[in-house]
Amino acid sequence: MSDDKKKRVSYWYFGGLASAGAACCTHPLDLLKVTLQTQQEGKISLLQLTGKVVRTQGVLALYNGLSASLLRQLTYSTTRFGIYEVGKQAMGNDSGFLGKAALAGAAGAAGGFVGTPADMVNVRMQNDIKLPVEQRRNYKNAVDGLFRVYREEGFARLFSGASTATSRAVFMTIGQLSFYDLVKDLLLQSGHFGDNLTTHFLSSLTAGAIATTLTQPLDVLKTRAMNAKPGEFSGVWDIVRFTARLGPLGFFKGYVPAFVRLGPHTILTFVFLEQLRMNFGYLKPTRILRPCYLRPQATGSAKRSSNSEIQPQMESKRLEKTSRWYFGGLASAGAAYCTHPLDLLKVLYQTDIRTNLSMVQLSREIIRDDGVTALYNGVTAAVLRQLTYSTTRFAIYEIGKQSEYGKDSGFLGRIMMAAIGGTVGGFVGSPADLINVRMQNDVKLPPEKRRNYKNALDGIVRVWREEGFRRLFAGASSATARSVFMTIGQLTFYDQAKYTLFETGHFTDNIGTHFLASVIAGGIATTMTQPIDVVKTVMMNAKPGEFSSIGAILRHISRLGPVGFFKGFVPRFIRLGPHTVLTFIFLEQLRINFGVLKAQ
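Counting restarts for each chain, with residues numbered from 1 along the sequence as it is written. For this predicted model, a pLDDT threshold of at least 70 governs which residues receive local features, and a threshold of 80 or more governs which side-chain atom pairs are given and counted, while totals over whole chains, interfaces and linings are taken from all residues. The basis for every side-chain value is the complete set of heavy atoms in the structure, and neither hydrogens nor water enter the calculation.

Student: So what's going on with the overall build of the chain? Which residues, and what values?
Tutor: Looking only at helices and strands, the chain features 24 helices and 6 strands. Each residue is assigned to one of three classes by its accessible area relative to the maximum for its type, calculated with a 1.4 Å probe on protein chains only: buried under 20%, partly exposed between the two thresholds, exposed over 50%. The proportion of buried residues among the 600 residues of the chain is 52%. Contacts spanning at least 24 positions in sequence make up 80% of the contacts within the chain whose residues lie at least 6 apart. Counting every atom, the chain has about 27700 Å² of accessible surface; 64% of that belongs to carbon and sulfur. Helix and strand definitions here come from DSSP, where helices need a minimum of 4 consecutive H or I residues and strands a minimum of 2 consecutive E residues; each element is numbered from the N-terminal end. The contact criterion used throughout is that any non-hydrogen atoms of two residues lie within 4.5 Å. Under the convention used here, a 1.4 Å probe and the Shrake-Rupley method define accessible areas, while residue burial counts only the protein chains that appear.

Student: Residue-level account of the nonpolar core, with values.
Tutor: Generally speaking, a soluble globular protein has its nonpolar side chains buried in company with each other. What we call a nonpolar core is a set of buried Ala, Val, Leu, Ile, Met, Phe, Trp, Tyr and Cys residues that are connected through their side-chain atoms within 4.5 Å. Counting residues in each nonpolar core, the largest one holds 19 residues, and the members touching the most others are Ile-488, Phe-584 and Leu-587. When contributions to this core are tallied by element, the ones reaching two or more residues are helix 14 (327-351), helix 16 (379-402), helix 18 (410-428), helix 21 (476-504), helix 22 (511-541) and helix 24 (569-594). In terms of residue count, the dominant contributor to this core is helix 21 (6 residues). Ala-101, Leu-103, Ala-104 and Leu-177 belong to the second-largest nonpolar core, a separate cluster that totals 15 residues.

Student: Before we move on, could you go through the confidence of the model for the chain and cite the residues and values that matter?
Tutor: Across the chain, each position has a pLDDT score giving the predictor's confidence in that residue, from 0 to 100. Confidence in the prediction for the chain averages 78 pLDDT; 83% of positions are at 70 or higher. Across residues 287-315 the pLDDT falls below 50, and counting only partners more than four positions away or on other chains, this stretch makes 41 contacts in the model.

Student: Could you give an account of the packing of helix 16 against helix 18, with specific residues and numbers?
Tutor: Helix axes use the C-alpha atoms of the stretch in contact, all axes being lines fitted to C-alpha atoms, and the angles between their N-to-C directions lie in the range 0 to 180 degrees. The geometry of helix 16 relative to helix 18 is characterised by a closest axis approach of 8 Å and an angle of 155 degrees between their N-to-C directions. Comparing their axes, helix 18 and helix 16 come out roughly antiparallel. Helix 16 and helix 18 meet at a crossing whose hand is right-handed. Touching Thr-388, Tyr-389, Thr-392, Arg-393, Ile-396, Tyr-397, Gly-400 and Lys-401 of helix 16 are Arg-414, Met-417, Ala-418, Ile-420, Gly-421, Gly-422, Val-424, Gly-425, Gly-426 and Val-428, all from helix 18. Under this grouping Gly is polar, as are all residues other than the nonpolar Ala, Val, Leu, Ile, Met, Phe, Trp, Tyr, Cys and Pro and the charged Asp, Glu, Lys and Arg. A class-by-class count of the residues in the contact of helix 16 with helix 18 yields 8 nonpolar, 7 polar and 3 charged. Oblique is the label for any angle not under 35 degrees, not over 145, and not in the 65 to 115 range, which are roughly parallel, roughly antiparallel and roughly perpendicular in turn. In a left-handed crossing the near helix is turned counterclockwise from the far helix by less than a right angle, and in a right-handed crossing that turn is clockwise.

Student: Lay out the environment of Thr-392 in plain terms, naming residues and giving numbers.
Tutor: Relative to the helices and strands, Thr-392 resides in helix 16. Along the sequence, Thr-392 and Tyr-326 sit 66 residues apart, while their C-alpha atoms lie 8.1 Å from each other.

Student: Outline the packing of aromatic side chains, supporting the account with residue identities and numerical values.
Tutor: Here a ring pair, both rings aromatic, is described through the centre-centre distance and the interplanar angle of the planes. Whether two aromatic rings pair depends on their centres lying within 6.5 Å, for rings of Phe, Tyr and Trp, where Trp uses its six-membered ring; planes under 30 degrees apart make the pair stacked, over 60 edge-to-face, and the rest tilted. Evaluated as defined, the whole model comprises 17 aromatic pairs. With 5.5 Å between their ring centres and 90 degrees between their planes, Trp-12 and Tyr-13 make a pair best called edge-to-face. Overall, the relative accessible area of 48% leaves Trp-12 in the partly exposed class. Of the residues examined, Tyr-13 reaches a relative accessible area of 33% and is grouped as partly exposed. Aromatic pair Tyr-150 and Phe-155: ring centres 6.3 Å apart, planes at 90 degrees, arrangement edge-to-face.

Student: Explain the environment of Met-417 residue by residue, including any values.
Tutor: Tracing the backbone through its elements, the reader meets Met-417 in helix 18. With 23 residues separating them in the primary sequence, Met-417 and Phe-394 have C-alpha atoms 9.9 Å apart.

Student: Quick rundown of helix 18? Include the residues and the values.
Tutor: Count 3.6 residues to each turn of an α-helix, and residues three or four apart come out pointing the same way. Relative to the 27 Å expected for 19 residues at 1.5 Å per residue, helix 18 spans 27 Å between its end C-alpha atoms, a close match to the ideal helical length. Within the sequence span of helix 18, burial applies to Gly-413, Arg-414, Ile-415, Met-417, Ala-418, Ala-419, Gly-421, Gly-422, Gly-425 and Gly-426. Expected span of a helix, by definition, is 1.5 Å for each gap between consecutive residues, and there is one gap fewer than residues.

Student: So what's going on with helix 23 (residues 550-557)? Residues and values would help.
Tutor: Where helix 23 is concerned, the buried positions are Ala-552, Ile-553 and Ile-557. An end-on view of helix 23 places all buried positions within 135 degrees of arc, on one side of the element. By arc we mean the arc of the directions from the helix axis to the C-beta atoms, nothing more.

Student: Help me get a handle on unusual backbone geometry, residues and values and all.
Tutor: A negative phi holds for most residues other than glycine; trans holds for most peptide bonds. Positioned with a positive phi, Asn-138 is a non-glycine residue whose angle comes to about 55 degrees. One can find Asn-138 in the loop between helix 6 (116-127) and helix 7 (142-153). At Asn-452, a position not held by glycine, the phi torsion is positive, near 55 degrees. You can see Asn-452 is positioned in the loop between helix 19 (430-441) and helix 20 (456-467).

Student: Could you give an account of a nonpolar patch on the surface, with specific residues and numbers?
Tutor: A cluster of nonpolar residues, Tyr-11, Trp-12, Tyr-13, Leu-17, Leu-74 and Val-86, forms a patch on the protein surface that exposes about 570 Å² of accessible area. Turning to its location among the elements, Val-86 is positioned in helix 4 (residues 66-91). A residue counts toward a patch only above 30% relative accessible area and without a salt bridge, and it is joined to like-charged neighbours within 9 Å or, for Val, Leu, Ile, Met, Phe, Trp and Tyr, to nonpolar neighbours within 5 Å. By definition, a salt bridge exists where a carboxyl oxygen of Asp or Glu is found within 4 Å of a side-chain nitrogen of Lys or Arg.

Student: Please provide a residue-by-residue account of the pattern of salt bridges, values included.
Tutor: What the rule picks out here adds up to 18 salt bridges. Close ionic contact of Asp-185 with Lys-100 constitutes a salt bridge, the shortest N to O distance being 3.6 Å. Of this pair, Asp-185 sits in helix 8 (residues 162-189) while Lys-100 sits in helix 5 (residues 96-114), placing them 85 residues apart in sequence. Judged by relative accessible area, which is 31%, Asp-185 ranks as partly exposed.

Student: Which residues make up the side chain of Ser-77, and what values go with them?
Tutor: Mapping Ser-77 onto the fold places it in helix 4. Within the local environment of Ser-77, its side chain forms a polar contact with the side chain of Ser-19, the two groups lying 3.3 Å apart. If sequence neighbours within four positions are ignored, Ser-77 has contacts with Gly-15, Gly-16, Ser-19, Arg-72 and Gly-82. In protein, a polar contact requires one atom able to donate a hydrogen and another able to accept it; more generally it is a pair of N or O atoms within 3.5 Å, and residues adjacent in sequence count only if both atoms are side-chain atoms.

Student: Residues and numbers for the state of the cysteines, please.
Tutor: Cysteine sulfur pairs qualify as disulfides if the two atoms are within 2.5 Å. Scanning all chains against the criterion turns up 0 disulfides. Unpaired in this structure, Cys-24 has its nearest cysteine sulfur neighbour in Cys-25, at a distance of 6.5 Å.

Student: I'd like to hear about the environment of Leu-32, residue by residue, with values.
Tutor: Relative to the helices and strands, Leu-32 resides in helix 2 (residues 14-38). Residue Leu-32 is classed as buried on the basis of its relative accessible area, which comes to 5%. Between the alpha carbons of Leu-32 and Leu-46 there is a distance of 7.2 Å; along the sequence they are 14 residues apart. When neighbours within four sequence positions are excluded, Leu-32 is seen to be in contact with Leu-46, Leu-49, Thr-50 and Leu-62.

Below, the structure is given as structure tokens:
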């Protein structure tokens, strides 16, 4: 790619054009999201809704309201991208992330208000497909919809839902634009990425995920406000109460189609925007920029710092300390104790065959039937598991990383060390893991069927005596496979994220950096290991002879469909996120305060 293309910047209106192009591609998903959010029964899935729309009204019905969607992007997105781009170029590269986030918030507020009329017509045209024929509004197109609302309901009605739409736009713009720039800058500064399609894709995917999570509750309220008939709700709080009838999850109705739609929409928007910038943008006037990782020298000149020059600028004594081999096990055991109730809920959720059971309902059942302390069933086995499984995998990884081979191995070398550590750790930890799963699952069984192990050691002895030594390693294959991916996801990606944050020059060896790096590692590890974790849980909880092979377990789980392999994803993500964060924070504190100094 030529240097001229990389140096080009966007015209203010490129964002609106890119968003309109993305909307053309993702409109059916947006329509399904709106329809799910406005239906109150809470029983129809995304696939069922899609089939119903196509069966009753044809494929073209999925493009109802397209003209309004395009008009919305040409008003809302042109405004917010225009303000953000012009402001960013005026502020230069010295504004930092907080400056860009504040600019994105202001741009989102303006864009959300300007785009409200087209957004309201868009929501109504999309929602027409689920109404009886006699109740449909039947707007011919976006412009016809605007005129009819103005004529039939008054000018003020065009801005119905403006408060929630504007609030949502603020968070959406911060999530998309400022985080896109942040992630893109981090990738470019890592030295592994160039200004190309891969970088644009990864940056926009991250920005889309952040934007969806930030805006979903506001999006639900906005959709209901805009689709309401005059006088149906007295105010925003009336809509909140109406939505709350479905419980807390009511505010996240349509999350899956929103994410599925907003992810591709964000990716396409930024890919189109970058292509417009590189091919039709204009060259900036030449100026001397001083990125954040440049440090002034004695002469006043600037020089790019390499990794070896950046790290001494941090707290050297902290960075010179390394972990002892057993620190990982101690840190994981402490984290396991704190997050055990979430792990228990995950196990129960995965082994429960009921499809309509939520994590909140399951929690209530346990507390009602067995008391709050039941949430800590199996905590001794969980701690023992970490003291075997995590001590082994962390130790192998740390010793390998500190060896002569490990120092120059790079990311792929660290993946190999993590895979070896995960393999050995997963096998060593299988007996304690088996007891942990069984003790956690006891709370949902009738009293006469419970195993009632007194603690982890009692459980291991009883399994050996009653079922044989080999039974202690039931599920070892899936536990080991899961451990490999878990160790790669946690340890190598934690190190990689930490190094990347260091290289930006904005982060030092402190708890903030450890927190961010561990959140990233936890998210990656959860996604990589979830299907294997479900198989492992079912296998370990099975009675002797219940399943003839792994294939039988797969068939048992698949009765719930593909989603069955991701049962318990939410409680596991909620548990593994804090568990990973606490593990690495504890580990770093052990390293900083009790670690050994590297050999000079």
